[in-house]
Amino acid sequence: MTFNERLKVWRYNILPFHVIGEILTKRWTDSAIPFVTLIVTVVAFGTVIPHFFSLYSLQESTRQLGEFSLVVIGESVVMLGGGIDLAVGAIFALSAFAAISVFFIFAMPVWVAFLAATAAGLIFGAINGYLIGYIRLRAFLTTLVTLIIGRAFFEILIVHFSSQAQMSQVSSDIWDFIGDGTVFGFSIPVLAAILLAVITHITLTRLRLGWHILAVGGSRRSAHNAGIQVRRVVFLTYVFSGLTSGMAGFLFATRLSGAGIGTGHGLEILALTAAVVGGNSLGGGRGSVVKGLMGAIIVLVMTNGLIRLGYGTGTNQMVIGILLAIAVTIDIRWLKNRHKVLDEAYVVPVYLKMGAAQSAVPGSGTPFEFNNQLSKAKSIGLKEIEGPEDVILDRDDHLYCGTRHGEIVRFFAPDYTRSEIFAHVGGFPLGLAFDRSGNLLSCVGAMGLYSISPDRVVKRLTAETGRSLTSVIDDAILRDPNDLDIAPDGRIYFTDSTKRYNAYDWMLDSIENRATGRLLVYDPKDGSTKTLLDGYRYTNGVCMAHDNKSLFFAETWACSVHRYWLEGPRAGTAECVIRDMPGYPDNINRASDGTYWMAFLGMRTPSFDLSLQHPAMRKRMTRRLPQDEWLFPNVNTGGVVKFDENYNIIRTMSDFAGEAHPSVTSMREHKGYLFVGGILNNRVGRIKIDGADENWSAIDAYWGTTS
Amino acid sequence: MIFDPILDLFRGKTITIPPLDGPFRANNTLEEAALFARLSSVDNLAVLNDRIIASSGDTLYAFDENGKAKMLQSYAANITALAVSPGNEWAVGLDTGELLIAGHQADLPPSVKCITALAFAQDGSLWMANGSTHHPPSAWVADLMEKNVSGSVWKGDPEGNNFRLISDKLAFPYGLLADNDGVVASESWRHRLVKIDGESGACRILVNHIPGYPSRLAPAPDGGAWLSVFAPRNRLIELVLQENAYRFDMMSRVPRDFWIAPALSSGRSFLEPLQCGSIKLMGIHKPWSPSRSCGMVVRLDAAMVPIDSFHSRANGTRHGTCSAVENGNRLFIAAKGDDALLTMNVSEAGGSQ
């Protein structure tokens with residue numbers, strides 16, 4: 001291996017760049033940007049400002065944070081429901097005034113002051129909610145109006161009554177405790193915020209009302225169609241926001257024991273910024289309370305930090321404005337382009353140097369030399385079926401095949417002109433096999449391993465295996481179960497071709513060429529599924545050897561066949577027995593003369609083989625060209641080859657003009673005939689095999705002639 | 001979007017090609033055209049005494065009106081260009097770089113090694129296109145994949161002497177059409193037609209963004225012309241042209257027939273490259289799928305503006321159309337990739353506009 005090749009292997013096969021794409025598939029990446037911002041903000045201001053983390057400083061700032069968080073939680077809920085609440089500042093101020101006037105001027109108990117504050121919040125919230133939810137006015141304008149009226153109202157009141165409140169001699173220990181005391185080092189506002197956050201979080205994520213809010217925010221129309229009372233839900237979000245603002249106003253009143261013209265001024269902008277910076281979507285439906293809290297901390301640390309560093313309100317507001325602009329841009333661009341970024345990052349081709357293959361060109365004189373015999377096959381079900389990946393015959397000579405519509409179609413012997421839908425499974429039924437009691441088992445692409453009883457009852461056997469410790473994507477699920485075979489003891493050996501792509505994206509797996517194929521076993525006795533082998537380039541066909549002591553499986557993109565021993569000294573190990581074939585192997589099945597049939601899905605081309613050594617070029621190809629333009633192995637020519645126990649190729653059959661059977665994915669020998677299927681084809685082929693045992697059928701060879 | 005140039009750095013700039021629309025709108029006319037004659041690698045057509053003559057390998061044939069071929073002359077090397085003078089003498093260029101006019105070897109400048117097209121002007125002077133200084137005409141695909149721009153256009157006297165360089169630094173001039181004050185040349189690797197002034201050699205673009213690789217030009221009686229396009233543009237090929245490491249690796253290690261490059265015919269060997277869209281699905285090869293080869297003949301009006309075109313698409317066979325001439329209200333088309341000489345009625349053919 002040259003130095004350049006080593007470098008490519010290291011760069012493309014060892015460095016785990018594919019993990020980036022896998023991480024991006026996770027929903028929690030939405031919170032990554034706000035989280036990083038939070039860490040950076042806290043660390044930056046913590047280092048620049050002395051005593052930032054001292055206990056007193058923390059308690060004072062967290063007291064303020066607690067009040068602010070309450071407001072932000074309310075704002076977040078409104079935004080999750082698809083709205084916006086600009087009136088929070090005004091409600092906050094009015095509630096604070098309500099608490100102060102009740103406590104200081106009317107000398108009522110603290111709990112009455114609390115009720116007055118929350119009632120003020122609820123009333124204003126209800127006005128907003130009624131106008132927006134039921135009258136269906138625009139949220140932005142409506143809350144802007146309530147903001148203006150509310151503030152005007154507050155300013156009139158505060159001018160008239162502030163001196164009265166200040167002169168009051170009323171005092172209360174409870175009032176002072178709420179405003180100044182701590183419980184286990186936590187101030188009351190912080191405890192209140194934590195309590196409310198927990199309740200809101202549980203409501204949003206676990207309770208019906210929360211789900212309704214998210215549904216309404218995600219899509220009003222769909223929510224309405226689903227039977228959700230959209231107007232009521234919208235109404236409730238504003239009431240909730242009013243309530244939290246009211247509570248925050250009360251806490252503010254106890255802390256400062258007074259209110260002034262500036263109380264709650266600009267709070268709506270801060271709350272809005274916090275909610276968006278935290279990662280709540282402006283469009284509604286996406287976000288959480290935790291995101292709101294993250295945003296609250298970011299915004300408060302920034303504004304307080306800037307003040308302590310000596311910057312004026314102008315700078316402060318400028319920073320908030322810029323922060324909001326950035327957050328809104330990221331929010332909108334990210335939501336819109338998230339899937340594109342994922343597409344960009346997900347495909348990470350690897351380097352592979354394929355071994356030189358023997359030629360299959362007609363006239364080349366190699367064992368693989370192709371001919372045109374398969375073009376003479378008689379068509380069964382031409383244009384009636386689409387995508388018979390595998391074909392199989394039962395004891396009555398009826399023919400079964402899967403289709404891309406998720407059905408198992410049965411053609412009736414002897415002439416195979418009549419057909420019926422035997423069963424509807426869904427997914428894309430690929431490999432087929434009959435078990436001892438006549439159940440038809442199928443590997444269903446994108447679904448799992450299924451069993452169909454003779455009386456057509458479809459049953460899922462397994463759809464998952466053990467999860468490996470180091471995987472980022474969920475590799476417990478079976479994305480592309482491909483082919484299976486059954487051992488005499490009933491265990492089902494099957495392949496799952498790739499962990500990274502769903503069954504329908506198998507072409508992308510070929511471009512990437514990453515070795516993530518598996519061989520698995522399902523034990524019907526205890527229903528368990530185990531991974532036997534991992535790390536192959538698209539594991540495909542499986543076939544029990546004639547003596548049942550080992551099995552063969554195909555590794556498609558590596559153009560190899562492996563043998564896996566079930567018993568004997570090498571039990572549990574696999575060996576590559578045929579390598580560097582000129583075509584891509586698919587299913588393998590038994591032949592009547594003690595040898596094996598193997599389908600060629602397509603042929604290697606020198607240009608594609610070369611591209612495997614240029615992973616960066618393949619990556620750019622996936623980025624710069626639409627899928628229809630990508631380079632692909634030549635699957636317009638396939639065929640059938642036969643190999644014996646010594647792994648010699650003893651026969652080939654193909655249709656190299658590709659008229660009838662361009663790509664061949666399976667074949668099944670039955671009573672002197674070979675039945676040929678293709679996942680991209682619209683027919684099953686049937687061709688007489690010269691010299692084959694006309695009494696041999698696979699089902700008898702597996703399970704005996706009795707029953 | 002204004003951010004696109006910045007984002008392109010991270011996501012890769014999309015490769016686009018001109019669409020088959022307007023005058024280039026795809027149809028099946030060439031596929032349905034009558035077969036005039038079968039002729040192995042039929043290349044350049046011309047009209048001699050109201051008869052069609054065609055080059056095929058190293059031999060020149062003449063056809064009667066029923067498509068019966070008669071050998072006119074055989075040469076020592078493959079014929080790469082053909083033209084008939086106003087005096088009904090024929091000139092041929094050979095793959096060895098020789099030029100024979102009426103049987104006499106012309107005196108060529110030493111840099112001319114790749115004669116791709118010949119055209120006689122009304123005054124009898126001879127225009128000659130030299131496709132490349134690096135390769136003979138038979139190795140055109142290597143010239144394209146090396147991205148050479150070394151073609152030139154020359155003008156000589158009727159006897160083939162005193163050739164004078166009119167314009168150089170052309171990307172494989174592959175067709176010539178002489179007019180009163182100069183020549184129209186098809187610049188194949190740049191997908192365009194240029195007008196070259198006979199005196200100054202100044203180039204002016206006449207047709208840009210042709211959705212294929214243009215080859216020979218022939219005059220039409222109405223003052224317009226016929227342009228043959230021998231292969232379509234293909235986005236994968238355009239990508240490979242920009243992928244230097246892969247391209248040079250491919251040129252040194254992959255047999256030339258199996259390169260990711262335009263071709264005169266395709267789909268005949270399973271060793272050829274295949275693109276996802278060209279996969280036969282449910283027994284169907286989509287006609288609009290990407291292809292390395294196609295058949296296309298374009299009708300140009302007197303101002304050299306494309307007005308109509310005839311096609312053989314990805315699922316067809318009449319590919320590699322290297323030449324088309326009009327004779328007696330009939331159009332004759334050489335589909336080199338299909339070894340076929342086709343014919344169609346000109347007035348019928350004009351119906352698709």
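Residues numbered from 1 in each chain as written. Chains lettered and ligands numbered in written order. Predicted model: local features only at pLDDT ≥ 70, side-chain atom pairs only at ≥ 80, totals over all residues.

**Student:** Please clarify how the overall build of chain A should be interpreted in this entry.
**Tutor:** Helix and strand content of chain A: 19 helices and 27 strands. Against the globule reference of 27 Å for 707 residues, chain A gives a C-alpha radius of gyration of 35 Å, more extended than a compact globule. Each principal axis of the C-alpha distribution contributes one length, and for chain A these read about 115 × 60 × 45 Å. Scored against the burial criterion, the 707 residues of chain A give a buried share of 50%. Long-range contacts, defined as pairs at least 24 residues apart, comprise 64% of the intrachain contacts of chain A with a sequence gap of at least 6. (Helix = DSSP H or I, 4+ residues; strand = E, 2+ residues; numbered from the N terminus. Rg over C-alpha atoms; globule rule 2.2 N^0.38 Å. Buried ≥ 20, exposed ≤ 12 C-beta atoms within 10 Å, placed from the backbone. Contact = placed C-beta atoms within 7 Å.)

**Student:** Is there a simple way to think about the overall build of chain B in this case?
**Tutor:** When helices and strands are counted, chain B shows 6 helices and 25 strands. On C-alpha atoms alone, chain B measures out to a radius of gyration of 20 Å, which is about the 20 Å that the 2.2 N^0.38 rule sets for 353 residues. Its C-alpha atoms give chain B principal-axis dimensions of roughly 60 × 40 × 40 Å. Per-residue burial over chain B gives 52% buried out of 353 residues. Relative to all contacts within chain B whose residues are 6 or more apart in sequence, the contacts with residues 24 or more apart total 53%.

**Student:** I'm lost on the domain arrangement of chain A in this one. Help?
**Tutor:** Interfaces are often sized by the amount of accessible area the parts lose when they come together. Partitioning chain A into domains gives domain 1 (19-343) and domain 2 (373-465 + 476-703). The straight-line distance from the C-alpha centre of domain 1 of chain A to that of domain 2 of chain A is 59 Å. (Domains from an automatic or database assignment.)

**Student:** Help me out: how do you make sense of the nonpolar core in this one?
**Tutor:** Grouped burial of nonpolar side chains is what soluble globular proteins tend to show. Within the largest apolar cluster, 204 residues are counted, with the highest numbers of intra-cluster contacts made by B:Leu118 and B:Leu176. It is strand E21 (residues 596-603) of chain A that contributes the most residues to this core, 7 residues altogether. If we ignore the near neighbours within four places in the chain, the residues touching B:Leu176 are B:Ala117, B:Leu118, B:Ala119, B:Trp127, B:Ala129, B:Val183, B:Ala185 and B:Leu217. With 92 residues, the next largest nonpolar core counts A:Val88, A:Leu94, A:Leu196 and A:Val239 among its residues. (Core = buried A, V, L, I, M, F, W, Y, C linked by C-beta atoms within 7 Å.)

**Student:** Sorry, what's going on with the sheet that holds strand E18 (residues 212-219) of chain B here?
**Tutor:** Paired through their backbone hydrogen bonds, the strands of a sheet run either parallel or antiparallel. Residues and elements named next belong to chain B. Sheet architecture is open: 4 strands sit in the order E18-E19-E21-E22, paired in antiparallel fashion. Two strands lie at the open edges of the sheet, namely E18 and strand E22 (306-312), each paired on one side alone. When the angles between neighbouring strand axes are averaged without regard to direction, this sheet yields 20°. Both strand E21 (residues 295-300) and E22 contribute to a ladder of 6 bridges, which runs antiparallel. (Pairing = 2+ DSSP bridges. Axes fitted to C-alpha atoms, helices over the stretch in contact; angles between N-to-C directions.)

**Student:** Can you walk me through unusual backbone geometry in this structure?
**Tutor:** In terms of backbone geometry, most residues other than glycine have negative phi values and most peptide bonds are trans. Of note, the bond from A:Ala413 into A:Pro414 is cis; its omega dihedral lies within 30 degrees of zero at 0°. Mapped onto the elements of the fold, A:Pro414 is located in the loop between strand E6 (407-411) and strand E7 (419-424). In this structure, B:Asn49 is a non-glycine residue whose phi angle is positive, near 50°. Its place among the elements puts B:Asn49 in the loop between strand E2 (42-48) and strand E3 (51-56). Among the residues examined, B:Asn49 registers 8 C-beta atoms within 10 Å and is labelled exposed. Unlike most non-glycine residues, B:Asn88 shows phi in positive territory, near 60°.

**Student:** So what exactly am I meant to see when it comes to the environment of A:Phe184 here?
**Tutor:** Residues and elements named next belong to chain A. Among the structural elements, phenylalanine 184 can be located in the loop between strand E1 (182-183) and strand E2 (186-187). With 5 C-beta atoms packed within 10 Å, phenylalanine 184 lands in the exposed category. Considered as a pair, phenylalanine 184 and arginine 686 are 502 residues apart in the sequence and their alpha carbons are 82 Å apart.

**Student:** Sorry, what's going on with the sheet that holds strand E12 (residues 481-486) of chain A here?
**Tutor:** Residues and elements named next belong to chain A. In space, the 4 strands of this open sheet follow the order E12-E13-E14-E15, with antiparallel pairing throughout. Each having just a single partner strand, E12 and strand E15 (528-536) make up the two edges of the open sheet. For this sheet, the mean inter-axis angle between neighbouring strands, taken without regard to orientation, is 20°. Judged from the 5 bridges that link them, strand E13 (residues 492-496) and strand E14 (residues 517-523) form a sheet pairing that is antiparallel. In the sheet register, threonine 495 faces E14, and the bridge partner there is leucine 519.

**Student:** I tried to follow the interface of chain A and chain B on my own but got confused; where do I start?
**Tutor:** Taken residue by residue, the interface counts 33 residues in chain A and 34 residues in chain B. Contributions of two or more residues to the side of chain A that touches chain B are made by helix H17 (606-611), helix H18 (615-624) and strand E22 (631-632) of chain A. A breakdown of the residues in the side of chain A that touches chain B according to their chemical character gives 15 nonpolar, 11 polar and 7 charged. Sheet topology note: the E22(A)/strand E20 (residues 274-275) of chain B ladder contains 2 bridges and is antiparallel. When the sheet's bridge partners are listed, A:Leu631 is paired in E20(B) with B:Gln275. (Nonpolar A, V, L, I, M, F, W, Y, C, P; charged D, E, K, R; others polar.)

**Student:** When you look at the packing of helix H10 (residues 208-218) of chain A against helix H12 (residues 230-256) of chain A in this model, what are you seeing that I'm missing?
**Tutor:** A pair of packed helices is characterised by two quantities: the angle between their axes and the separation of those axes. All names here are of chain A. Viewed as axis vectors pointing N to C, H10 and H12 meet at an angle of 105°, and their least axial separation amounts to 10 Å. Taken together, the axes of H10 and H12 are roughly perpendicular relative to one another. Of the residues in H12, those in contact with His212, Ile213 and Val216 of H10 are Val230, Val233, Val234 and Thr237. Each residue belonging to the contact of H10 with H12 can be placed in one class, and the counts come to 5 nonpolar, 2 polar and no charged. (Parallel < 35°, antiparallel > 145°, perpendicular 65-115°, else oblique.)

**Student:** Honestly, H18(A) in this entry has me stumped. Any pointers?
**Tutor:** Because each turn of an α-helix spans 3.6 residues, side chains separated by three or four positions in sequence point in the same direction. Residues of H18(A) that are buried: A:Pro615, A:Met617, A:Arg618, A:Met621, A:Thr622 and A:Arg624. Looking at the buried residues of H18(A), the elements they touch are helix H1 (3-14), helix H16 (506-512), H17 and E22 of chain A together with helix H4 (235-242) and helix H5 (244-253) of chain B.

**Student:** Can you help me understand the confidence of the model for chain A in this one?
**Tutor:** Low pLDDT marks regions whose predicted coordinates should not be analysed in detail. Per-residue pLDDT for chain A has a mean of 90; in total, 100% of the residues score no lower than 70. When pLDDT is averaged over each helix and strand of chain A, the minimum, 81, is found for E1(A) and the maximum, 96, for strand E18 (residues 560-565) of chain A. (pLDDT = per-residue confidence, 0-100.)

**Student:** Can you help me understand the pairing of strand E23 (residues 639-643) of chain A in this one?
**Tutor:** Looking down a regular strand, the side chains alternate between one sheet face and the other. All names here are of chain A. Counted residue by residue, E23 has 5 buried out of 5 residues, so it is predominantly covered. By the alternation rule, side chains of E23 split into Gly639, Val641 and Phe643 and Val640 and Lys642, which are all buried. In this sheet, E23 lies alongside E21 in antiparallel orientation, the contact comprising 5 bridges. Each bridged residue has a counterpart across the sheet, and for tryptophan 597 the counterpart in E23 is lysine 642.

**Student:** Please explain the environment of A:Thr462 as it appears in this structure.
**Tutor:** Residue and element names in this part refer to chain A. Along the polypeptide, threonine 462 turns up in strand E11 (residues 458-462). Its 19 C-beta neighbours within 10 Å are what place threonine 462 among the partly exposed residues. In this structure the C-alpha to C-alpha distance between threonine 462 and serine 528, which are 66 residues apart in sequence, comes to 8.0 Å. Beyond its immediate stretch of four places on either side in the chain, threonine 462 contacts Gly448, Leu449, Tyr522 and Thr529.

**Student:** Please clarify how the pairing of strand E12 (residues 151-156) of chain B should be interpreted in this entry.
**Tutor:** All names here are of chain B. Most of E12 sits out of view: 6 of its 6 residues are buried. Residue alternation in E12 divides its side chains into two sets, Gly151, Val153 and Lys155 and Ser152, Trp154 and Gly156, and both sets are buried. Of the pairings in the sheet, the one linking strand E11 (residues 126-130) to E12 comprises 5 bridges and is antiparallel in character. Bridging across to E12, leucine 126 finds its partner in glycine 156. As paired strands, E12 and strand E13 (residues 164-170) are joined by 4 bridges and run antiparallel to one another. Looking at E13, one finds that glycine 151 is bridged to leucine 170.

**Student:** When you look at the environment of B:Gln122 in this model, what are you seeing that I'm missing?
**Tutor:** All names here are of chain B. By the element assignment, glutamine 122 lies in the loop between strand E10 (115-120) and E11. A count of 9 C-beta atoms within 10 Å places glutamine 122 in the exposed class. C-alpha separation for the pair glutamine 122 and alanine 303, spaced 181 residues apart in sequence, amounts to 18 Å.

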